Amino acid sequence: RIKKELGNPTREDMRSLLLSGAYKEKIAAELEGRKIEYLTFHLAKTAPFFIGSSIDIVGEAVRNDVSLPPNKTGQGNLSTLFLQGNLSQLFQALKEQGLGILAERLLWAVLLLGVILSIFLAGEKRFTALLFLLIILYYALLTGPVSFPRYRLPAEPFILLGGLWGLVRSIEILRHKNGHE
């Protein structure tokens with residue numbers, strides 16, 4: 001629609017500096033009043049960076065190479081199903097992916113929870129925990145809404161170390177409260 005309003009410019013015209021200002025103004029006007037929708041879109045489309053399955057990506061590459069059938073739903077990726085509100089198809093797609101992929105997704109979610117917990121439980125090492133979180137967020141924001149689990153690779157050491165540290169620290173605190181030393 002925006003392209004039509006600008007007179008259907010070509011791809012090269014859209015990249016030109018002459019149209020870039022007009023294009024930015026149209027985009028800004030389009031987003032005005034829809035900031036929550038825009039934020040929801042970005043959060044949902046960045047989710048694969050955090051909880052996407054690396055196993056699934058490798059499986060897709062193998063399926064493409066040896067002509068195995070793709071997943072049965074064919075309804076788009078999980079974040080698109082979530083944004084469309086197709087929860088039944090979302091759960092069906094998760095079910096079809098299998099236990100291994102679901103377990104990997106849960107592992108990443110638990111590790112990210114550990115990273116968040118590490119900030120609150122870090123005590124004197126709070127700066128390190130915050131630094132880990134900032135590095136993770138930097139890579140997540142760098143990929144933007146076009147996110148795949150493979151883009152997580154540079155952040156994985158920080159997710160693993162920060163997440164495990166936060167989880168171990170949480171367990172230590174719980175054991176100490178229950179009288180187990």
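Throughout what follows, the structure given in this document is the object of discussion. (Residues numbered from 1 in each chain as written. Predicted model: local features only at pLDDT ≥ 70, side-chain atom pairs only at ≥ 80, totals over all residues. Heavy atoms only, no water.)

A tally of helices and strands in the chain yields ten helices and zero strands. For the chain, the N- to C-terminal ordering of α and β elements is α-α-α-α-α-α-α-α-α-α. Of all 181 residues assigned to the chain, the portion counted as buried reaches 25%. Counting every atom, the chain has about 12600 Å² of accessible surface; 66% of that belongs to carbon and sulfur. (Helix = DSSP H or I, 4+ residues; strand = E, 2+ residues; numbered from the N terminus. Buried < 20%, exposed > 50% of the residue type's maximum accessible area, 1.4 Å probe, protein only. Areas by Shrake-Rupley, 256 points an atom, 1.4 Å probe, with all protein chains shown as cover.)

Taken together, the side chains of Phe 41, Phe 82, Leu 83, Leu 87 and Phe 91 present a nonpolar region at the surface, about 480 Å² in accessible area. One can find Phe 82 in helix H6 (residues 78-84). (Patch = residues over 30% accessible without salt bridge, like charges linked within 9 Å, V, L, I, M, F, W, Y side chains within 5 Å. Salt bridge = Lys/Arg side-chain N within 4 Å of Asp/Glu carboxyl O.)

Tracing the backbone through its elements, the reader meets Glu 156 in helix H10 (residues 156-177). Since its relative accessible area comes to 15%, Glu 156 is described here as buried. Once you skip the residues sitting within four places of it in the chain, Glu 156 turns out to touch Ser 54 and Trp 108. (Contact = heavy atoms within 4.5 Å.)

By the element assignment, Ser 118 lies in helix H8 (residues 99-121). At 2.5 Å, the side chain of Ser 118 forms a polar contact with the backbone oxygen of Val 115. Residues in contact with Ser 118, not counting those within four places in the same chain, are Ala 129, Gly 162, Trp 165 and Gly 166. (Polar contact = N/O pair within 3.5 Å; in protein donor to acceptor, adjacent residues only side chain to side chain.)

Looking now at the pattern of salt bridges. In the structure shown here, the tally under the stated rule is four salt bridges. The closest approach of N and O atoms between Arg 169 and Glu 172, which form a salt bridge, is 3.4 Å. With Arg 169 and Glu 172 both in helix H10, this residue pair falls three residues apart, about one helical turn. The exposure class assigned to Arg 169 is partly exposed, which follows from its relative accessible area of 30%.

What follows concerns the nonpolar core. Counting nine residues, the largest nonpolar core consists of Phe 49, Trp 108, Leu 111, Leu 112, Val 115, Ile 136, Ala 140, Ala 155 and Ile 159. For this core, the elements supplying multiple residues, two or more each, are H8 and helix H9 (126-143). Non-local contacts of Phe 49, meaning those with residues more than four positions away in its chain, are made with Ile 136, Tyr 139, Ala 140, Thr 143, Ser 147, Phe 148, Tyr 151, Arg 152 and Ala 155. Leu 78, Leu 81, Leu 90 and Leu 94 belong to the second-largest nonpolar core, a separate cluster that totals five residues. (Core = buried A, V, L, I, M, F, W, Y, C linked by side-chain atoms within 4.5 Å.)

Take the environment of Thr 80 next. Mapped onto the secondary structure, Thr 80 falls in helix H6. Judged by its relative accessible area of 22%, Thr 80 falls in the partly exposed class. The spacing of Thr 80 and Phe 41 is 39 residues in sequence and 9.1 Å in space, taken between C-alpha atoms.

Here we take up H8. Taking 1.5 Å as the rise per residue, H8 with 23 residues should run 33 Å; its terminal C-alpha atoms sit 32 Å apart, in good agreement. Within the span of H8, buried status applies to Ile 101, Glu 104, Arg 105, Trp 108, Leu 111, Leu 112, Gly 114, Val 115, Ser 118 and Ile 119. Following H8 by one or two positions, Gly 123 adopts a phi angle in the positive range, close to 60 degrees. (Expected span 1.5 Å × (residues − 1).)

Below, the discussion takes up the environment of Gly 52. On the secondary structure map, Gly 52 appears in the loop between helix H4 (35-51) and helix H5 (54-66). Judged by its relative accessible area of 3%, Gly 52 is buried. Taking the C-alpha atoms as reference points, Gly 52 and Ala 109, separated by 57 residues in sequence, lie 9.4 Å from one another. Filtering out sequence-adjacent residues up to four positions away, Gly 52 remains in contact with Ala 47, Glu 104, Arg 105, Trp 108, Pro 149 and Arg 152.

Shape is all these values report; function is a separate question.
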